[in-house]
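Summary of the model geometry
Listed here are the chains, written in short residue letters.
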Number of protein chains: 2
Amino acid sequence: MAVCAALADDEVAELEKIMTSRNLVPDEMLVSEGDPLRRVYSLTAGVLRLSIALPDGRRQITGFLLPGDYFGLADDDVHSATAEAIGAVQLCSFTTRDMQALMERFPKLKDRLHAFTRMALRQARDNQVMLGRLTPVEKLASFLLTLSMRAAEHKLSANPLSLPMSRTDIADYLGLTIETVSRSFTKLRNTGLIQLPEPHIVELVDNRGLQAVAGMDFH
Amino acid sequence: MAVCAALADDEVAELEKIMTSRNLVPDEMLVSEGDPLRRVYSLTAGVLRLSIALPDGRRQITGFLLPGDYFGLADDDVHSATAEAIGAVQLCSFTTRDMQALMERFPKLKDRLHAFTRMALRQARDNQVMLGRLTPVEKLASFLLTLSMRAAEHKLSANPLSLPMSRTDIADYLGLTIETVSRSFTKLRNTGLIQLPEPHIVELVDNRGLQAVAGMDFH
DNA sequence: CGAGTATTTGACGTATGTCAATCGGAGTGG
DNA sequence: CCACTCCGATTGACATACGTCAAATACTCG
């Protein structure tokens, strides 16, 4: 488990003592916006989506969590986002109280969580650039590249890339409609940058070309 | 200084020993994307804009920092954003090395900085909702309300609200063009929600109405 | 294999971007 | 003190990319 990488074996043992496992079925809600923050979680399998909803039903997905990712970093006493399973999810959880106590005993753990939070902050800011300044095709290219990179980091297949989330989820993540997402997929396919053997499987044919489209190359 | 609120008097004295003051003239750049991270900063006067640029010149402003805000929270060894002064700015700085040492001596300080980072993360996520799912008028209403709230928190005038940044800055923050920003200002003025005695001074006439427009009311 | 749902594609309208002109205020010099 | 210039903000006219509504297609799962 990624959070534990900074701990010695006996410390990991301590962690496991206070840990609880839990499984989620597809689309099951883990926590809802406004819920009191009682537990923090670490993903062991599956993908989680974090979202914030507007009163009229519009929704923004702020991120997808992959196995090894940690959930509960941002908030103090109330969850500011909803977390739902995409497909089957396996995770372990700790009460905030236990986690607090453990962090006092193992300062390395606290430092590591802080580092995670800062990485999440950098990701959120990159997302702001994506949402505010990229065109739909650029957004999609950027999304595919980022997801592929993260998949690799998490030891999942990076190139025939699997997209467990629906087009609606992708649209709500990129700030678009599903139609525009779909058309952007077709554009990337027609320009030979990707292949779509199935709607939820993407092959990144021309990685460099995708980076150019994503507005991330430096020429 | 906000960072020091958790420290006792003698601890503040320690902080002041390693602190350096600095002034910036309008539009002066404090750090640029990619610069090595050597110092961290705390704003004492003025406003700072944080931005990320795309290779082709497009720019996204990820946030405005007010007096009391802290800069350098997100990054490890390289700055991921550019920081520039809007108007005259006064700030104090510490080397990352000194700050590190101080955090080891005063764990409360470390906790406080961590809390700041988490707040910044929540803000960044709220911004994602704004950028991805709000219409231009909604974006502007939301921006004015948020800025007004933060101004109040930072003991600045919340209601005749001063907007030190240019329309271009606002546009790059909201993910719009300056023309659309300007038109959105006139719409809010014409519907009686705000008054604009000067382009850089806004009066929030109908706070509740603004919240409704910002998509932040819960009816 | 069939029903239901997700995705893609098409036709069309409109909100926002683009390009261009006007207005207004700040600073400068006569 | 007033005119001139310059730059930022506003307004206008127009184009187009994206959203909306609707139909067709392709998957998924019983």
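Since the model is a prediction, treat every value here as computed from it, not as a measurement. (Residues numbered from 1 in each chain as written. Chains lettered and ligands numbered in written order. Predicted model: local features only at pLDDT ≥ 70, side-chain atom pairs only at ≥ 80, totals over all residues. Heavy atoms only, no water.)

Some points on the overall build of chain A
Per the secondary structure count, chain A includes seven helices and nine strands. Counting only C-alpha atoms, chain A reaches 55 × 40 × 30 Å along its principal axes. Across the 219 residues of chain A, 50% fall into the buried class. A fraction of 68% describes how many contacts in chain A between residues 6 or more apart in sequence connect residues 24 or more apart. In the form shown here, chain A has an accessible surface area of approximately 10,100 Å², with 53% of it arising from carbon and sulfur atoms. One finds the centroid of the 24 positive side-chain charges in chain A at a distance of 3 Å from the centroid of its 28 negative side-chain charges. (Helix = DSSP H or I, 4+ residues; strand = E, 2+ residues; numbered from the N terminus. Buried < 20%, exposed > 50% of the residue type's maximum accessible area, 1.4 Å probe, protein only. Contact = heavy atoms within 4.5 Å. Areas by Shrake-Rupley, 256 points an atom, 1.4 Å probe, with all protein chains shown as cover. Lys, Arg positive; Asp, Glu negative; His and termini not counted. Charge placed at Lys NZ, Arg CZ, Asp CG, Glu CD.)

Thoughts on the interface of chain B and chain A
The interface is formed by 42 residues belonging to chain B together with 41 residues belonging to chain A. When the buried area of chain B at its contact with chain A is split by residue, B:Arg125, B:Gln128 and B:Arg133 rank highest and sum to 19% of it. Where chain B meets chain A, there are ten salt bridges. With a closest N to O distance of 2.8 Å, A:Arg133 and B:Asp172 form a salt bridge. In this structure, the connection of chain B to chain A is made through 27 residue pairs in polar contact (both at pLDDT 80 or more). Of all elements in the fold, only β3 (39-53), β4 (59-65), α3 (107-133) and α5 (167-174) of chain B reach the threshold of two or more residues within the side of chain B that touches chain A. The element that contributes the greatest number of residues to the side of chain B that touches chain A is α3(B), accounting for 18 residues. A per-class count over the side of chain B that touches chain A returns 17 nonpolar, eleven polar and 14 charged. (Buried area = accessible area lost by both parts, 1.4 Å probe. Salt bridge = Lys/Arg side-chain N within 4 Å of Asp/Glu carboxyl O. Polar contact = N/O pair within 3.5 Å; in protein donor to acceptor, adjacent residues only side chain to side chain. Nonpolar A, V, L, I, M, F, W, Y, C, P; charged D, E, K, R; others polar.)

Section: the UniProt feature "domain: HTH crp-type" (unreviewed entry) in chain A
Per the UniProt entry, the sites bearing "domain: HTH crp-type" (unreviewed entry) are residues 134-208 of chain A in this numbering. The annotated region residues 134-208 of chain A carries 55% helix and 16% strand content, and the separation between its end C-alpha atoms amounts to 18 Å. (UniProt positions renumbered as here; feature names shortened; annotations may be inferred.)

Considerations on the environment of B:Ser148
All names here are of chain B. Among the secondary structure elements, Ser148 is positioned in helix α4 (residues 136-153). Take Ser148: its relative accessible area is 9%, and that puts it in the buried class. Note: C-alpha distance between Ser148 and Leu163 (15 residues apart in sequence) is 9.8 Å. Leave out the neighbours within four places in its chain, and Ser148 touches Ala158, Leu161 and Leu204.

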